[in-house]
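Overview (structure and organization)
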Amino acid sequence: MKSEIEMRKIKLLILLPFLVIQFGMIGCQKDDNSSESANPEKWELQNGDLVFQISQSGQSQAIQEATDCPYSHVGIIYLMDGKPYVFEAVKTVRLTPWKEWKDRGKGDDYIVMRSKQSLTEAMLLDIREYGEQFNGRDYDLQFRWSDDLMYCSELAWKLYKEGAGIELCAKNKVKNLKLDSKEVERIASKRYTNGFADVPMTEHIVTPADLLRANSIVEIYRTAGAPDY
């Protein structure tokens, strides 16, 4: 008769292949779930999302220094025929394909923010209809609050405020920005007759940083290399 120890060895040898298969399957399932939960592509762009990037324009550094924020450009997402576009103010107010917009930013990095207040279909329609009047309008190099010309964050703010009745953030004033950098002075000297002396300190302004830091929106996604704000 076989000893008890020998019998245990035989049972173990019989069960071993099944244990390997079972634990192997558990291991694979865990890896699959980990990979899926960490997948950054699970999010989807929605109409009305605000997208921020680091512009590579000649004024980007001045905006960054004046606002103490790396992000210097913002646009709003429009989904059209299932494809995303960015309605933005650059040289003119225009509709830009999503990929083209992404590729234009520094390092292809960007942040997607979404309104905490749900946007109804009627709100989204009103945003677009209100924005149509600005399509093709020239960029405002002096950052005035008038509707005659338009800069990026002004456009996004006014679309939400006038189109959907949502005030994303309080309007700021130029005098509250950090205006003591050489880059800000350089830009001002090119855009105002008397240089920095002509900068309208009491003018209302909304910057990309004002929007990005607003309590009315929440971060949905950021690329791996996108810096904090």
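Residues numbered from 1 in each chain as written. Predicted model: local features only at pLDDT ≥ 70, side-chain atom pairs only at ≥ 80, totals over all residues. Heavy atoms only, no water.

**A look at the pairing of strand S4 (residues 93–97)**
We apply this condition: When DSSP locates at least two bridges between a pair of strands, those strands are taken to pair. Helix numbers and strand numbers start at the N terminus; a helix is a DSSP run of H or I with at least 4 residues, a strand a run of E with at least 2.
In terms of strand pairing, strand S3 (residues 83–89) meets S4 through five bridges, oriented antiparallel. Looking at S4, one finds that Val86 is bridged to Thr96. Turn length for the S3-S4 hairpin, with the two strands adjacent in sequence and antiparallel, is three residues.

**Describing the sheet that holds strand S8 (residues 217–222)**
Quick note on the threshold: The axes used here are C-alpha line fits, helices contributing only the stretch in contact, and every angle between their N-to-C directions lies in the interval 0 to 180 degrees. In what follows, a contact means two residues having at least one pair of non-hydrogen atoms within 4.5 Å.
Read from one edge to the other, the open sheet built from six strands follows the order S4-S3-S2-S1-S5-S8, with strand pairing classed as antiparallel. Looking at the sheet topology across the chains shown, the edges are occupied by S4 and S8. Neighbour to neighbour, the strand axes of the sheet diverge by 35 degrees on average, direction disregarded. On top of the sheet, helix H4 (residues 121–131) reaches strand S2 (73–80) and S3; it is set at about 115 degrees to S2, its chief contact. Across the sheet, helix H5 (residues 152–164) touches strand S1 (50–53), S2, S3, S4 and strand S5 (110–115), and the angle it forms with S2 is around 50 degrees.

**Some details on the pairing of S3**
Side-chain direction in a regular strand flips from residue to residue, so the side chains alternate between the two faces of the sheet. Sheet topology places S2 next to S3; five bridges connect them, and they run antiparallel. In the strand pairing of S3, Leu79 is matched with Pro84.

**Looking at the pattern of salt bridges**
Opposite charge on two side chains permits them to pair, given that their charged atoms come into close proximity. Basically, it comes down to this: By definition here, a salt bridge exists when the distance from a side-chain nitrogen of Lys or Arg to a carboxyl oxygen of Asp or Glu is within 4 Å. To sort residues, take the accessible area from a 1.4 Å probe on protein chains only and compare it with the maximum for the residue type: under 20% means buried, over 50% means exposed, and anything in between is partly exposed.
Scanning all chains against the criterion turns up 11 salt bridges. The shortest N-O distance in the salt bridge between Asp49 and Arg114 comes to 2.8 Å. Taken as a pair, Asp49 in the loop between helix H1 (4–37) and S1 and Arg114 in strand S5 lie far apart in primary sequence, 65 residues in all. You'll find Asp49 and Arg114 in the same group, each marked buried. In this structure, Glu203 engages Arg144 in a salt bridge whose closest nitrogen and oxygen atoms are separated by 3.9 Å. One end of the pair, Glu203, is in the loop between helix H6 (182–191) and strand S7 (204–205); the other, Arg144, is in the loop between H4 and H5, and 59 residues separate them in sequence. Residue Glu203 is classed as buried on the basis of its relative accessible area of 18%.

**Considering the environment of Lys173**
Counting through the fold element by element, Lys173 comes out in strand S6 (residues 172–173). What makes Lys173 partly exposed here is its relative accessible area of 30%. Residues Lys173 and Val206 lie 33 residues apart in sequence; the distance between their C-alpha atoms is 7.8 Å. Those residues in contact with Lys173 that lie beyond four places of it in its chain are Met201, Thr202, Glu203, His204 and Ile205.

**Observations concerning the nonpolar core**
For soluble globular proteins, nonpolar side chains are generally found buried alongside one another. The cut-off we apply is this: Only buried residues count toward a nonpolar core. Its members are Ala, Val, Leu, Ile, Met, Phe, Trp, Tyr and Cys residues joined through side-chain atoms within 4.5 Å.
One finds Leu50 and Leu211 to be the most contacted residues of the largest nonpolar core, which totals 51 residues. For this core, the element with the most residues is H5, which contributes seven residues. Dropping the residues within four chain positions of it, Leu50 is found in contact with Val74, Gly75, Ile76, Ile111, Val112, Met113, Ala156, Tyr160, Leu168 and Ile217. Core analysis: the second largest hydrophobic core is formed by 10 residues, Leu45, Val51, Ile77 and Val112 among them.

**A closer look at helix H2 (residues 60–67)**
Counted only if it meets this: The reported arc concerns the directions from the helix axis to the C-beta atoms and nothing else.
If you check which residues of H2 are buried, you get Ser60, Ala62, Ile63, Ala66 and Thr67. Along the long axis of H2, the arc covered by the buried residues comes to 165 degrees, so they all point the same way. At its buried positions, H2 is contacted by H6 and helix H7 (208–212). Just downstream of H2, Asp68 is the residue with a positive phi angle, here 55 degrees.

**Observations regarding the packing of aromatic side chains**
The line we're drawing: Only Phe, Tyr and Trp rings take part, Trp by its six-membered ring, and two of them pair if their centres are within 6.5 Å. Stacked means planes under 30 degrees apart, edge-to-face means over 60, and tilted covers everything else. A ring is considered to have a charge above it if a Lys NZ or an Arg CZ atom is located within 6 Å of its centre and within 35 degrees of its normal.
Under the definition given, this model contains 10 aromatic pairs. Relative to Tyr110, the ring of Trp98 lies with its centre 5.1 Å away and its plane at 80 degrees, an arrangement referred to as edge-to-face. Of the two residues, Trp98 is situated in helix H3 (residues 98–104) and Tyr110 in strand S5; the sequence distance between them amounts to 12 residues. Centroid distance Tyr139 to Phe143: 6.4 Å. Interplanar angle 85 degrees. Geometry classified as edge-to-face. Each member of the pair, Tyr139 as well as Phe143, carries the same accessibility label: buried. Members of the aromatic cluster, connected to one another through ring pairs, are Trp43, Trp98, Trp101, Tyr110 and Tyr221. For the cation-ring pair, Arg128 lies above Tyr78, with the distance from its terminal atom to the ring centre recorded as 4.6 Å. A cation sits over an aromatic face here: Lys158 above Trp145, 4.6 Å from the ring centre.

Note that every value here comes from positions in space, so none of it alone points to a role or purpose.
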